[in-house]
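# Working through the structure, step by step
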Amino acid sequence: MNSTSKALIMIGSPKPGKSASGTLATHIAENLVAKGFQIDTVHANEALRSDEGVRSLLASFDNADVIVVVFPLYVDSLPAGLTKALELMAEHRRAVPIDRKQRMMAVCQNGFPEAHQNETALGICRLFTRDSGIEWAGGLALGGGGVLDGRELGKMGGMVRNLVKALDIACSDLADGRPVSQEAVALMAKPTMPKWLYVAIGSYGWKRLAKKNQVLDRLHDRPYQESRK
Amino acid sequence: MKALILNGSPEPNPTADAVRDILLDELRTYGLETREFVLRDEKIAYCTGCFGCWIKTPGECVIDDAGREVTKAIMESDLVVYLTPVTFGGYSSELKKALDRMIPMLSPFFTKIGGEIHHQERYDRYPGMMAVGILAEPNDESARLFETLHSRNAINGNAPGSAAGTVVAGCEVDDIRTVVEALFSKTGVAQ
């Protein structure tokens with residue numbers, strides 16, 4: 001890639017503030033900037049709030065040589081806002097074809113410890129590229145994304161060593177025009193902690209938050225139970 | 001017995017209408033009282049990923065709009081049918097918007113299902129699940145991914161039975177009926 005290469009980094013988390021996907025996107029952006037890319041970062045849900053936001057997203061899409069989509073797994077696939085953004089992008093590409101190669105990588109993280117639960121979501125991203133004339137560079141799947149919680153990867157120590165390495169390899173692959181390597185895929189899929197520990201920390205975290213909100217005794221409420229009868 | 005159709009067509013569409021009519025017909029035959037949400041006509045905000053439905057108002061979304069009503073209707077049903085254009089092998093954003101708001105049906109805590117970690121059930125019983133996807137043109141890859149996605153949803157949704165299939169836009173009504181009848185048979189409703 002030359003120094004004028006452009007990348008669109010699209011964050012699919014609907015959270016308005018910090019997010020695990022944002023953490024990953026920030027690292028990818030920094031990495032690609034260091035490789036000479038000019039970056040446009042777009043939050044899908046924010047872009048959808050106005051016509052201007054959608055126009056700006058589509059302009060960034062048209063300008064991009066590389067597209068990176070980073071998102072949390074929602075109900076085994078992409079969050080609805082990101083799905084809507086991809087629908088608009090595919091529709092736009094059908095209406096306004098471009099005579100230039102674009103490549104896309106997708107990074108999906110989920111709240112379960114297993115990375116493989118992201119496979120259907122990455123499949124959807126791949127078929128988006130197929131339907132939009134974009135070259136599929138590959139997908140990275142991360143399990144246990146909850147541990148990132150909007151923090152900076154650089155401050156998280158050895159726990160994120162493999163995923164940082166995976167992102168760095170994948171960014172080099174993107175910059176050099178290669179498909180995302182299997183080494184990056186395998187490193188990204190490595191658990192950040194043992195499954196039992198992730199489950200224990202998760203359970204403790206939900207109870208702590210419920211207690212803070214004074215609903216610890218209501219965590220198992222069934223507000224629609226009567227409706228089931 | 002109650003059924004719920006979640007119609008995720010982004011706009012009126014003759015094939016979607018034909019599928020819907022056949023679904024209603026079949027559901028009536030099996031004696032299911034049916035309710036339908038045409039999701040494009042409902043005000044449903046995007047899930048914001050706040051987890052308030054688990055740690056602030058357990059079991060109910062903190063956003064007070066039709067998303068809550070859809071979730072309640074799902075829990076009232078014995079069978080939920082998704083009707084959607086197949087979008088990159090998945091669901092339309094209209095349908096997905098409603099599905100993302102369903103997580104209060106589950107508990108935040110974890111359990112193991114088939115060796116994988118999933119969320120624990122909040123309720124004792126969940127509805128069966130069926131999905132009919134409309135392909136813009138024949139495409140095995142998209143159809144397979146659609147069926148895989150729905151089968152994954154059925155695991156997370158604790159569905160006692162599930163089935164998904166696709167039809168191609170503009171196909172004959174008889175072709176649609178064949179697909180729909182096979183899906184009813186697979187979900188166990190036809191027994």
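Below, the structure is looked at part by part. Note that the structure is predicted; figures quoted are calculated from it, not measured.

All names here are of chain A. Spatial ordering of the open sheet is given by E2-E1-E3-E4-E5, a layout of 5 strands whose pairing is parallel. Two strands lie at the open edges of the sheet, namely strand E2 (38-43) and strand E5 (135-142), each paired on one side alone. Within the sheet, the average angular offset between the axes of one strand and its neighbour, ignoring direction, is 15°. Bridge count for strand E1 (residues 6-11) against strand E3 (residues 66-72) is 5 bridges, and the pairing is parallel. When the sheet's bridge partners are listed, Ile-9 is paired in E3 with Val-68. The sheet contacts of helix H5 (residues 119-132) involve E3, strand E4 (103-109) and E5, and relative to E5 the element is tilted by about 165°.

Attention now moves to the packing of H5 of chain A against helix H5 (residues 140-156) of chain B. At a closest axis distance of 10 Å, the pairing of H5 of chain A and H5 of chain B adopts a crossing angle of 155°. Between H5 of chain A and H5 of chain B, the angle falls in the class roughly antiparallel. For H5 of chain A against H5 of chain B, the interelement crossing comes out left-handed. Judged by residue contacts, Thr-120, Gly-123, Ile-124 and Leu-127 of chain A of H5 of chain A engage Glu-141, Ser-142, Leu-145, Thr-148, Leu-149 and Arg-152 of chain B from H5 of chain B. Looking at the contact of H5 of chain A with H5 of chain B residue by residue, the classes come out as 4 nonpolar, 4 polar and 2 charged.

Here we come to the pairing of strand E7 (residues 162-168) of chain B. Within a regular strand, side chains alternate between the sheet's two faces. Residues and elements named next belong to chain B. Burial of E7 is extensive: 5 of the 7 residues sit out of reach of the surface. Taken together, the 7 bridges between strand E6 (residues 128-135) and E7 define a ladder with parallel strand orientation. Of the residues in E7, the one forming a bridge with Met-130 is Ala-163. As a crossover connection, the stretch from E6 through H5 into E7 is right-handed.

Calculation rules
- Residues numbered from 1 in each chain as written.
- Chains lettered and ligands numbered in written order.
- Predicted model: local features only at pLDDT ≥ 70, side-chain atom pairs only at ≥ 80, totals over all residues.
- Pairing = 2+ DSSP bridges.
- Helix = DSSP H or I, 4+ residues; strand = E, 2+ residues; numbered from the N terminus.
- Axes fitted to C-alpha atoms, helices over the stretch in contact; angles between N-to-C directions.
- Contact = placed C-beta atoms within 7 Å.
- Parallel < 35°, antiparallel > 145°, perpendicular 65-115°, else oblique.
- Left-handed = near helix turned anticlockwise from the far one by under 90°.
- Nonpolar A, V, L, I, M, F, W, Y, C, P; charged D, E, K, R; others polar.
- Buried ≥ 20, exposed ≤ 12 C-beta atoms within 10 Å, placed from the backbone.
- Right-handed = clockwise from strand over helix to strand, strands pointing away.

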